Protein chains: 2
Amino acid sequence: MHRTKVKVVEEALDANNTIASANRSDFDRAGVKVVNFMSAPGAGKTTLLERVVADLPGVRVGVLEGDVQGSMDADRLASLHVPVTQLNTDPSFGGECHLDANMVRSAIPALPLDEIDLLIIENVGNLVCPAEFRVGEDTRVMVTSVTEGEDKPLKYPLMFRACELVVINKIDLLPHLDFDLDRLLYNIDQVHPDVERIVLSARTGDGLEAWREWLIGVAAHEEAIA
Amino acid sequence: MHRTKVKVVEEALDANNTIASANRSDFDRAGVKVVNFMSAPGAGKTTLLERVVADLPGVRVGVLEGDVQGSMDADRLASLHVPVTQLNTDPSFGGECHLDANMVRSAIPALPLDEIDLLIIENVGNLVCPAEFRVGEDTRVMVTSVTEGEDKPLKYPLMFRACELVVINKIDLLPHLDFDLDRLLYNIDQVHPDVERIVLSARTGDGLEAWREWLIGVAAHEEAIA
């Protein structure tokens, strides 16, 4: 009996990846580099943006704010005169705990892509599902705060594996915590060996220069990173 | 034309609630009170259990540990000679970011219900989806850490609304943070007026007695609370 070999086209069956690729094409065409910015609630994503978005020489930044509801973070950033677009997962998407490619797609018409070089997509605060959904980004960054404990890479490995940069925030609190920074770095290496990392305090400004330079590097990159 | 009124039985169509009710019946029959314990990653749930589970006079505690993967928290608690059962959402359930009633149901045969009075179910660290799924609990508790910022009730209102007690943890760090405790309490009142709250530090022990007494109260309660 003659059997035809069935070719399985896995990627094409994944609707999220299909839409993410379409988003990516739109961003590429506009010459905009895109960062998917993720963390647990309260790790300091918005503060890390407040500290640098208005001060990246040669880089015009826009922000897409993902939240279950409300626009508090967007309001904080808009006061810095950076174009901010709010994307809520509650009214339109049923209170989703993450952004997916289709939600981001729905926001593209509202983004000033011609006026920016770098789009930072602040995802919903969550260490699980955001790592599972590409949204059309060039690169992914996650923030872990030293107040969250050293064990988070081992408990949420997909998130630490999915990103190209780990930002370790709130190091100004180290003297007041029972926290072993070397243990955290060791645990990160267990799940994502040699992933780039920046240790900083958004509050004191310690280490912020490296974060600023990293973002400038993403915007300047000719080829897609990931 | 005669029309028969159609009775819509909404609850019966919700599979999660159906299974949660079955879990609840099993727990009731065994005389076990159940707490669904939730927070963002790193807010201190496991430490809050470590501090009290072996020291609740007259109450035999068991813990069901929910994690995406690994058993680190379960190992920490087992060392206190408390019966701990691990429930991972990764291998069996596809890396879910929350526990649901069916996952808890699958763990019931492994629980020593005859040997405990109070079962504490430590949910996956996440401020969104765990609040959407009843698992058969009598009452729900969430922990928010002061390092997460004052805005969390407004950004994750369902979680703050879903619980009967809000534990505010890590107050030992207040002198080192730009954090306004009154603002957090005000924001909690905006989404869940007058919900019970306990302000404490799992690290220093300040306020732990109220947490211990609250758990003893749940175990002693004759009637179901919620």
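Since this is a predicted model, take the numbers as computed values, not measurements.

(A) Representation of the overall build of chain A. When helices and strands are tallied, chain A shows nine helices and seven strands. Scaling as 2.2 N^0.38, a compact globule of 226 residues should have a C-alpha radius of gyration of about 17 Å, and chain A matches this with 18 Å. Reported as C-alpha extents along the three principal axes, the dimensions of chain A are approximately 70 × 45 × 35 Å. Taking as baseline every contact in chain A between residues at least 6 positions apart, the subset at least 24 positions apart corresponds to 73%. Side-chain charges of chain A comprise 21 positive and 37 negative groups, with the mean position of each set lying 5 Å from the other.

(B) Molecular detail of the relation of the copies chain B and chain A. By a simple turn and slide, chain B fits onto chain A: the slide is 0.0 Å along the axis, the RMSD is 0.0 Å, and the turn is 180°. The two molecules are tied by a two-fold rotation axis, judged by turn and shift. For chain B, the smallest separation between a C-alpha atom and the rotation axis is recorded for asparagine 126 of chain B, amounting to 3.0 Å.

(C) Just empty space enclosed by the protein, in detail. Following the criterion strictly, the structure yields one cavity of 30 Å³ or more and no others. Taken together, 13 residues line the largest cavity, and the ones lying closest to its centre are Thr147 and Glu148 of chain A together with Pro41, Thr147 and Glu148 of chain B. Residues that form the lining of the largest cavity fall into these classes: four nonpolar, five polar and four charged.

(D) Summary view of the confidence of the model for chain A. On average, chain A scores 92 in pLDDT, and the residues at 70 or more come to 91%. Confidence estimates for the predicted assembly give a pTM of 0.90 and an ipTM of 0.88.

(E) A look at the pattern of salt bridges. All names here are of chain A. Counting across every chain of the model gives 34 salt bridges over all chains. Arginine 24 is the salt-bridge partner of aspartate 28, the closest N and O atoms lying 3.6 Å from each other. Of the two residues, aspartate 28 and arginine 24 both sit in helix α2 (residues 15-29), four residues apart, roughly one turn of that helix. By relative accessible area, aspartate 28 is classed as partly exposed at 43%. Residue classification places arginine 24 among the buried positions, given a relative accessible area of 16%. With its nearest N and O atoms 3.2 Å apart, the salt bridge here joins arginine 105 to aspartate 26. With a gap of 79 residues between them, arginine 105 in helix α5 (residues 101-107) and aspartate 26 in helix α2 connect regions that are remote in the sequence. When its relative accessible area of 30% is taken as the criterion, arginine 105 is described as partly exposed. Among the residues examined, aspartate 26 registers a relative accessible area of 18% and is labelled buried.

(F) Highlighting the sheet that holds strand β4 (residues 118-122) of chain B. All names here are of chain B. Strand order across the open sheet formed by seven strands is β3-β2-β4-β1-β5-β6-β7, with parallel pairing between neighbours. Each edge of the open sheet is held by one strand with a lone partner, namely β3 (84-88) and β7 (196-199). Across the sheet, the mean angle separating the axes of adjacent strands is 20° when strand polarity is ignored. For strand β5 (residues 139-145) and strand β6 (residues 165-169), the ladder comprises five bridges, and the chain directions are parallel. Across the sheet, the residue bridging to threonine 144 is isoleucine 168, located in β6. Lying on the sheet, helix α8 (residues 181-191) is in contact with β5, β6 and β7; it crosses β6 at an angle near 160°. Packing against the sheet, helix α9 (residues 208-220) makes contact with β1 (33-39), β4, β5, β6 and β7, and its axis sits at approximately 140° to β1.

(G) A look at unusual backbone geometry. The backbone phi angle of aspartate 194 of chain A is positive, close to 65°, even though this residue is not glycine. Examined against the element boundaries, aspartate 194 of chain A turns out to sit in the loop between α8 (181-191) and β7 (196-199). Accessibility expressed as a relative area gives 71% for aspartate 194 of chain A, which makes it exposed. Positive phi, close to 65°, is recorded for histidine 81 of chain B, a residue that is not glycine. By relative accessible area, histidine 81 of chain B is classed as exposed at 75%.

(H) Molecular detail of the interface of chain B and chain A. Counting residues at the interface gives 34 residues for chain B and 34 residues for chain A. Here chain B and chain A share an interface that buries about 2700 Å² over both sides, 56% of which is from carbon and sulfur atoms. Three residues, Pro41, Lys155 and His176 of chain B, lead the burial of chain B against chain A; their summed loss comes to 22% of the area buried on that side. Applying the counting rule to chain B against chain A returns six salt bridges. Aspartate 67 of chain B serves as the salt-bridge partner of lysine 155 of chain A, at 3.3 Å between the closest nitrogen and oxygen. Listed by contribution, the elements that provide at least two residues to the side of chain B that touches chain A are α4 (72-78) and α6 (152-155) of chain B. Across the side of chain B that touches chain A, the residue classes break down as 14 nonpolar, seven polar and 13 charged.

(I) Representation of the state of the cysteines in the model. Residue and element names in this part refer to chain B. Using the criterion set out here, one finds zero disulfides over all chains in the structure. You can see cysteine 163 has no disulfide; the closest cysteine sulfur is in cysteine 129, sitting 16 Å from it. Exposure remark for cysteine 163: the relative accessible area of 0% places this residue in the buried category.

(J) Focus on the environment of alanine 101 of chain A. Residue and element names in this part refer to chain A. Note on placement: alanine 101 falls in helix α5. Separated by 117 residues in sequence, alanine 101 and valine 218 have C-alpha atoms that sit 21 Å apart. If we ignore the near neighbours within four places in the chain, the residues touching alanine 101 are Asn16, Ile19, Ala20, Asn23, Arg134 and Val135.

Analysis parameters
- Residues numbered from 1 in each chain as written.
- Chains lettered and ligands numbered in written order.
- Predicted model: local features only at pLDDT ≥ 70, side-chain atom pairs only at ≥ 80, totals over all residues.
- Heavy atoms only, no water.
- Helix = DSSP H or I, 4+ residues; strand = E, 2+ residues; numbered from the N terminus.
- Rg over C-alpha atoms; globule rule 2.2 N^0.38 Å.
- Contact = heavy atoms within 4.5 Å.
- Lys, Arg positive; Asp, Glu negative; His and termini not counted.
- Charge placed at Lys NZ, Arg CZ, Asp CG, Glu CD.
- Least-squares fit on C-alpha atoms with pLDDT ≥ 70 in both.
- 1 Å grid on protein atoms, 1.4 Å probe; cavity = no way out; pocket = protein on both sides within 12 Å on 5 of 7 lines; lining within 4 Å.
- Points joined across faces, edges and corners; volume = space filled by probe spheres on them.
- Nonpolar A, V, L, I, M, F, W, Y, C, P; charged D, E, K, R; others polar.
- pLDDT = per-residue confidence, 0-100.
- Salt bridge = Lys/Arg side-chain N within 4 Å of Asp/Glu carboxyl O.
- Buried < 20%, exposed > 50% of the residue type's maximum accessible area, 1.4 Å probe, protein only.
- Pairing = 2+ DSSP bridges.
- Axes fitted to C-alpha atoms, helices over the stretch in contact; angles between N-to-C directions.
- Buried area = accessible area lost by both parts, 1.4 Å probe.
- Disulfide = S-S within 2.5 Å.

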